[in-house]
Amino acid sequence: MGVNRGFESWNRPYLFQQLEDIMRGFSDSERRDVISLGIGDPDIATPIPIREAMAAEHLNRYHGYPSVEGRRELREALARYYEERFHVGADPTHFLIGPGAKTDLFDLPAVFSNPGDSALILDPAYPVYCDSCSFRGLRIHFLSGTYENAYLPPIPPSAEADPSVALIFICYPNNPTGAIANHEYLDRMIEFALDRHAVIIHDIAYADFTPGNKPSQGFSIFTRPGSDRCAIEVGSFSKPFSMTGDRIGWVYIRNSDLRAAWRRYRSNRDSGVSDFDQAGAVAALKDPAVKPIVQANMEVYGRRAELLEKGLTSLHLRPSGLANTPYAWFRSPIPDSRRATEIFLKEARVLVTPGAGFGPGGEGFLRATIFQPEASISEAISRLKQLSCFEPER
Ligand code: PLP
């Protein structure tokens, strides 16, 4: 019996298994008492106009299979969004609507790499990039981000790099660190990709997640010269619009050969995204009633971000990341982030995510979300203050 050997390199199930095992040992009331600052799933509900658009679409029309690329209306709305948001001209036919960024990110290596290739992956980062590449037998080279290099790791000189690099995964604003790249950095990355005939996959799932409505530093890679030839951008409706349950995102590809290959793959993999989800996404981008609701939600997230930042700072943990993402990225009080997570859960019943789960560069750090009410965030900080790993003299 053959099971894909790529699974052997996945350590996430093990990582979260440990936390689940601890939770299983809790009584019902202890379990209810856990404050989860773990998973990045917005707790404020999807704006009503989006839900109404989805419901109306469902009730008023019979739907067969949707189109693989997605509705023209949604692709046009995305093109307008790119023009207004990123000031880049966009052709609606260059977008393929997909069933959530995660699914597409996991599958892109299937289309844009071959056995024996390798991938350059930003570290720390969303684990799906690495898992997908290792699952497909690609060799992985980490672009090693550190607190000291502001998570903009050195790009290897092209001549010295592994000649088999076929894929480069980047994500700005970054989950988990909140880091953002500058133009010069991106231009060097694009130059490297063109030189090596590699494809850059840029994940912008957090481009519009702006706690406190501070101006987002998110950007489209297509603002940079040369990107047309080598870049693929993946976006999501999940976080800014609280649409994680709806499973809808997009892949934007300007290069016609790359786009044709992705379209061909998609036409075999799935049959498009449900029309009612697409109607919800159209409302998210076009219904004028949605924007003030999202802004009000971001005000709430902004207050929570301030509270969490203050609390973690009072524990001397130097949090960062909350300007551009729903995540605080902060120093673990002990070097082993898995162990710290266990202590937080067992002794304070506060659930955070160990940095090691985001790659080797995440070790020594922890991630906490703002997807809990202010009272729970305050309570989580008070509980952490009681832990012996936070000695007063620290
Ligand atoms: N990209 C990043 C960086 C994420 O953190 C997440 C989810 O947490 C996703 C993509 C997944 O987005 P979607 O809900 O569209 O699958």
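See the structure shown above.
Residues numbered from 1 in each chain as written. Predicted model: local features only at pLDDT ≥ 70, side-chain atom pairs only at ≥ 80, totals over all residues.

(A) The arrangement of the site of the ligand in detail. With respect to spatial proximity, 13 residues lie near the ligand, and among them G100, A101, K102, S236 and S238 are the closest. Of the residues in the shell around the ligand, the class split is four nonpolar, seven polar and two charged. (Near = placed C-beta within 6 Å. Nonpolar A, V, L, I, M, F, W, Y, C, P; charged D, E, K, R; others polar.)

(B) Expanded view of helix α6 (residues 128-135). Of the residues making up α6, those classed as buried are Y129, C130, S132, C133 and S134. Trailing α6 by a residue or two, G137 shows a phi angle of about 80°, which is positive. (Buried ≥ 20, exposed ≤ 12 C-beta atoms within 10 Å, placed from the backbone. Helix = DSSP H or I, 4+ residues; strand = E, 2+ residues; numbered from the N terminus.)

(C) Region of the structure containing the nonpolar core. With 107 residues, the main nonpolar core has I121, I168, F169, I200, I201 and V350 as its most contacted residues. Of the residues that make up this core, three or more belong to each of domain 1 (9-38 + 292-385) and domain 2 (48-286). (Core = buried A, V, L, I, M, F, W, Y, C linked by C-beta atoms within 7 Å. Domains from an automatic or database assignment.)

(D) Spotlight on the sheet that holds strand β6 (residues 199-203). Read across the sheet, seven strands follow the order β2-β8-β7-β6-β5-β3-β4 without closing on themselves; strand pairing throughout is mixed. Looking at which strands have only one partner, the edges of the open sheet turn out to be β2 (95-98) and β4 (139-144). Each strand axis lies, on average, 20° off the axis of its neighbour in the sheet, ignoring direction. With four bridges joining them, β2 and strand β8 (residues 249-253) adopt antiparallel strand pairing. Opposite G98, over in β8, you have G249 as the bridge partner. Where α6 meets the sheet, its contacts fall on β3 (118-123), β4 and β5 (165-171), and the angle it forms with β3 comes to roughly 160°. (Pairing = 2+ DSSP bridges. Axes fitted to C-alpha atoms, helices over the stretch in contact; angles between N-to-C directions. Contact = placed C-beta atoms within 7 Å.)

(E) How the structure looks around the sheet that holds strand β11 (residues 353-354). Spatially, β9-β12-β11 is the arrangement adopted by the three strands of the open sheet, whose pairing is antiparallel. Each having just a single partner strand, β9 (327-331) and β11 make up the two edges of the open sheet. As paired elements, β9 and strand β12 (residues 365-369) share five bridges and run antiparallel to each other. By the bridge assignment, W329 is partnered in β12 with R367.

(F) Looking closely at the pairing of β3. Burial analysis of β3 places five of its six residues in the buried class, which makes it a mostly covered element. When β3 meets β4, the two strands line up parallel, connected through six bridges. Bridge pairing in β4 links A119 to I140. Remark: the β3/α6/β4 crossover connection has right-handed handedness. Both β3 and β5 contribute to a ladder of four bridges, which runs parallel. Bridge pairing in β5 places A119 opposite L167. (Right-handed = clockwise from strand over helix to strand, strands pointing away.)

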